[in-house]
Amino acid sequence: MRRGPKQVVRLRASSRGVAAFAAGSAAVLTLPPYSIIVLVPVAYGALFLLVRGHLPLAAGAMGWLFGLGYFGIGLSWIGESFQVDAERFGALAIPAVIGLSALLAVFPVLATTAFAFLRKWTRIRGPAAAVLFATCWTATEWLRGHVLTGFPWNLAAYAMTDYAALRQPAAWIGSYGLGFLVLLASALMAQSIASRGSSRHASLLFAGLVVVGVWTMGIVRTAQPLPMPAGVSVRIVQGNVPQREKWDPGNAAATLSRYLDLSTKGGPVDVVLWPETAYPGFLDENADARDRIGNALPDGRRLLTGAPDRTTHGPEQRYFNTIQAYDGSGAAVTGYAKHHLVPFGEYVPFRDWLSVERLTKGRGDFTPGPGPRTLAIPGLPLLAASICYEIIFPGHVVDDAIRPDWIFNATNDAWFGTSIGPEQHLAAARMRAVEEGLPVIRAANTGISAVIDAKGTIIQSLGLEKTGIIDASLPAALPATLYARADDWVLPPLGIAVWLLALGLDRSASGRTGFHRLTSKRSE
């Protein structure tokens, strides 16, 4: 039986949808822990070719399928957190992953729809079309990092994390800027395949310039010597307490003993670092626990630990997720309250309308702290504290008013078992080190704890579901990077420079400017 024209169109549309979903799934393999770099131009180049030449509605549909594959597979580890309390939340694991992925896929929809609309309206062709595609993607990726508190997880730039030279441009242009160049090079390579003659040559030349430019920036920064370490020794304690046991009141004393035993092993250190909520209770209200901590901190040693906190405001009690610093007397020196809270994990958004429970047990929602803060602790270099997924936000980890010398990231990835989630989380921490030019010391309950230098290199680490300590010298900071000084304001100049280069190449390839081609085609 012969297929009619409508059936053929439907079949072709179905094939394009499968290809878009497959491209999104392949893009996950470009990220840690896989980091298959050859798939970067394959995945993003395929999306560019799929949406190029289509109307906005069709392009948006392919963007949504790409996003569904990208987020559905890339964030599948979130389902692990629902199994910690499977009796209450286990049935929600698959619907939650699908629902979140479908929601986040709206951002690729916006990117591909805007690309198709602007390309049709301006009739841009050649290398400029690739620049438009990368611009639309980066704009919506930036929005994903900011809208409704933001969720900039698995940014395109993280495909470069495991490559020493290729991650370094983030020191100048941040992860959003590096992602822009990643998308641009991928689209240009795809454009060269689909083009002929001078347009193909221009696209290949442009792609080569982008790749060489990224590589050159990376080599220059990789060759920059690191200063000598600050002469401060740190001990990271990875207690490896299973999440199912963590908040059982009967285990609190044993948990504290485990952390104290690990903290007092080996030789002297300047500061001991415990992970997020390492102490499963209100430490500042427990004099016996503080006395035990004080006895374990001789000779001016300090402890930084994650612990919940609460304050009373009239009839209302407020709860905070904090990092607290203690000295050898067991007295609190200073502290930091997490300001970027996890929706449905630490608070329920729109609680007045949503009558649902949050995943973490507790008497009430957590209250956000005032924002990034630099802590001054006697005997230690100035530090920026970040808790858990706060480290995933480019440009929002460090207090711009007082630059610290290092970043302490206390986290608890026990929720996600041995999935790829902790690996992806570690990649984000490495990119913050590059962007800020600061070492990141990461203490994780069940791993991955790590010492990361200012170039994003892992000096030491302790893997998933291992109990132990890391003793290391605190790596030195580099001078403030361009991104640390300018934040995302580096993006407009970067975009303008790339657009001017694209239009120049387009003119040399066609003999006419993009504007002349636009006006001539409209007059036809």
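As the structure is a computational prediction, the values presented were derived from the model and not from experiment.

Asker: Explain the overall build of the chain here, please?
Answerer: Along the backbone of the chain there are 17 helices and twelve strands. Taken against the 2.2 N^0.38 rule, which gives 24 Å for 524 residues, the C-alpha radius of gyration of the chain at 25 Å falls within 12% of a compact globule. The principal-axis extent of the C-alpha atoms belonging to the chain is close to 85 × 55 × 40 Å. For the chain, the computed accessible surface area is about 22,100 Å², with 63% contributed by carbon and sulfur atoms. Taking the average place of the 46 positive charges on the side chains of the chain and the average place of its 37 negative ones, the gap between the two points comes to 17 Å.

Asker: Can you walk me through unusual backbone geometry in this structure?
Answerer: Note on backbone geometry: most residues besides glycine have negative phi, and most peptide bonds are trans. Looking along the chain, the bond that leaves Pro32 and enters Pro33 is cis, with omega of 10°. By secondary structure assignment, the location of Pro33 is in the loop between helix 1 (5–28) and helix 2 (39–51). The step from Gly447 to Ile448 runs through a cis peptide bond, and the omega angle for that step is 10°. Position of Ile448 relative to the elements: it lies in the loop between strand 9 (440–444) and strand 10 (449–452). Of note in this structure, Ser35 is not a glycine but carries a positive phi near 55°.

Asker: Would you explain the confidence of the model for the chain in this entry?
Answerer: Detailed reading of the predicted coordinates is not advisable wherever pLDDT falls low. Summary statistics for the chain give a mean pLDDT of 89 and a share of 91% for residues scoring 70 or more. Throughout residues 512–524 the model reports pLDDT below 50, and contacts reaching past four residues in sequence, or to other chains, amount to 16 contacts.

Asker: Mind showing me how you'd approach the pattern of salt bridges here?
Answerer: Where charged atoms from two side chains of opposite charge approach closely, those side chains can pair. Summed over the entire model, instances satisfying the criterion amount to seven salt bridges. In this structure, Arg235 and Asp471 form a salt bridge, with 2.7 Å as the shortest nitrogen-oxygen distance. Of this pair, Arg235 sits in strand 1 (residues 233–238) while Asp471 sits in strand 12 (residues 468–473), placing them 236 residues apart in sequence. Accessibility expressed as a relative area gives 0% for Arg235, which makes it buried. Relative accessible area serves as the criterion here: at 34%, Asp471 is assigned to the partly exposed category.

Asker: Would you mind going over the side chain of Arg144 with me for this structure?
Answerer: With respect to the secondary-structure elements, Arg144 resides in helix 8 (residues 127–144). At a separation of 2.7 Å, a polar atom in the side chain of Arg144 contacts the main-chain carbonyl oxygen of Trp153. When near neighbours in sequence (up to four residues on either side) are disregarded, Arg144 contacts Phe71, Leu104, Phe107, Gly150, Phe151, Pro152, Trp153, Asn154 and Leu155.

Asker: Explain the pairing of strand 4 (residues 316–326) here, please?
Answerer: Looking along a regular strand, one sees side chains alternate from face to face of the sheet. With eight of its eleven residues buried, strand 4 lies for the most part within the structure. When strand 3 (residues 302–313) meets strand 4, the two strands line up antiparallel, connected through eleven bridges. Bridge pairing in strand 4 places His313 opposite Glu316. Between strand 3 and strand 4, which pair antiparallel and follow one another directly, the connecting turn spans two residues, one of which, Gly314, has a positive phi of 65°. Note: strand 4 against strand 5 (residues 332–337), five bridges, orientation antiparallel. Its bridge partner lying in strand 5, Ala325 is registered against Thr334.

Asker: Is there a simple way to think about the sheet that holds strand 4 in this case?
Answerer: The strands that make up a sheet are held in pairs by hydrogen bonds between backbone atoms, and each pair lies either parallel or antiparallel. Strand order in the open sheet made by the six strands is 5-4-3-2-1-12, with mixed pairing throughout. Whereas interior strands pair on both sides, the edge strands pair on one side only; in this sheet they are strand 5 and strand 12. In this sheet, adjacent strand axes meet at a mean angle of 35° when their direction is disregarded. Sheet topology places strand 1 next to strand 2 (residues 271–273); three bridges connect them, and they run parallel. If you follow Arg235 over to strand 2, its bridge partner there is Val272. Against the sheet, helix 12 (residues 252–263) makes contact with strand 1, strand 2 and strand 12, and its axis sits at roughly 145° relative to strand 1, the strand it touches most.

Asker: What is the right way to look at the packing of helix 2 against helix 9 (residues 170–194) in this model?
Answerer: Packed helices, taken two at a time, are described by their axes: the angle between them and the distance between them. Direction vectors running N to C along helix 2 and helix 9 enclose 65°, while the axes themselves pass 8 Å from each other. Crossing angle aside, the handedness with which helix 2 passes helix 9 is right-handed. Contact residues: helix 2 offers Val40, Pro41, Tyr44, Gly45, Phe48 and Leu49, while helix 9 offers Val182, Leu183, Ser186, Ala187, Met189, Ala190, Gln191 and Ala194. Of the residues belonging to the contact of helix 2 with helix 9, the class tally is eleven nonpolar, three polar and no charged.

Asker: Would you mind going over the nonpolar core with me for this structure?
Answerer: Generally speaking, soluble globular proteins have nonpolar side chains that are buried together. Ranked by size, the top nonpolar core spans 123 residues in total, and within it Tyr44, Leu184, Phe206, Leu273, Leu304 and Phe408 carry the most contacts. With 14 residues, the single largest contributor to this core is helix 9. If we skip the residues at most four places from it in the chain, Leu184 touches Ala130, Val131, Ala134, Phe206, Val210 and Val498. Counting residues in hydrophobic clusters, the runner-up holds 19 residues, among them Ala278, Ala289, Ile293 and Leu297.

Asker: Whenever I open this one, helix 7 (residues 106–122) confuses me. Can you help?
Answerer: In an α-helix there are 3.6 residues to a turn, and that puts residues three or four apart on one side. If you check helix 7, its first and last C-alpha atoms are 24 Å apart, about what 17 residues at 1.5 Å a residue would give, namely 24 Å. If you check which residues of helix 7 are buried, you get Phe107, Pro108, Ala111, Thr112, Phe115, Ala116, Arg119 and Thr122. Looking straight down helix 7, one finds its buried side chains confined to an arc of 165°; they lie on one side. Across helix 7 from its buried face, at more than 90 degrees, point the exposed residues Lys120 and Trp121. One or two positions beyond helix 7, positive phi appears at Arg123, with a value near 60°.

Definitions and cut-offs
- Residues numbered from 1 in each chain as written.
- Predicted model: local features only at pLDDT ≥ 70, side-chain atom pairs only at ≥ 80, totals over all residues.
- Heavy atoms only, no water.
- Helix = DSSP H or I, 4+ residues; strand = E, 2+ residues; numbered from the N terminus.
- Rg over C-alpha atoms; globule rule 2.2 N^0.38 Å.
- Areas by Shrake-Rupley, 256 points an atom, 1.4 Å probe, with all protein chains shown as cover.
- Lys, Arg positive; Asp, Glu negative; His and termini not counted.
- Charge placed at Lys NZ, Arg CZ, Asp CG, Glu CD.
- pLDDT = per-residue confidence, 0-100.
- Contact = heavy atoms within 4.5 Å.
- Salt bridge = Lys/Arg side-chain N within 4 Å of Asp/Glu carboxyl O.
- Buried < 20%, exposed > 50% of the residue type's maximum accessible area, 1.4 Å probe, protein only.
- Polar contact = N/O pair within 3.5 Å; in protein donor to acceptor, adjacent residues only side chain to side chain.
- Pairing = 2+ DSSP bridges.
- Axes fitted to C-alpha atoms, helices over the stretch in contact; angles between N-to-C directions.
- Left-handed = near helix turned anticlockwise from the far one by under 90°.
- Nonpolar A, V, L, I, M, F, W, Y, C, P; charged D, E, K, R; others polar.
- Core = buried A, V, L, I, M, F, W, Y, C linked by side-chain atoms within 4.5 Å.
- Expected span 1.5 Å × (residues − 1).
- Arc of directions from axis to C-beta.

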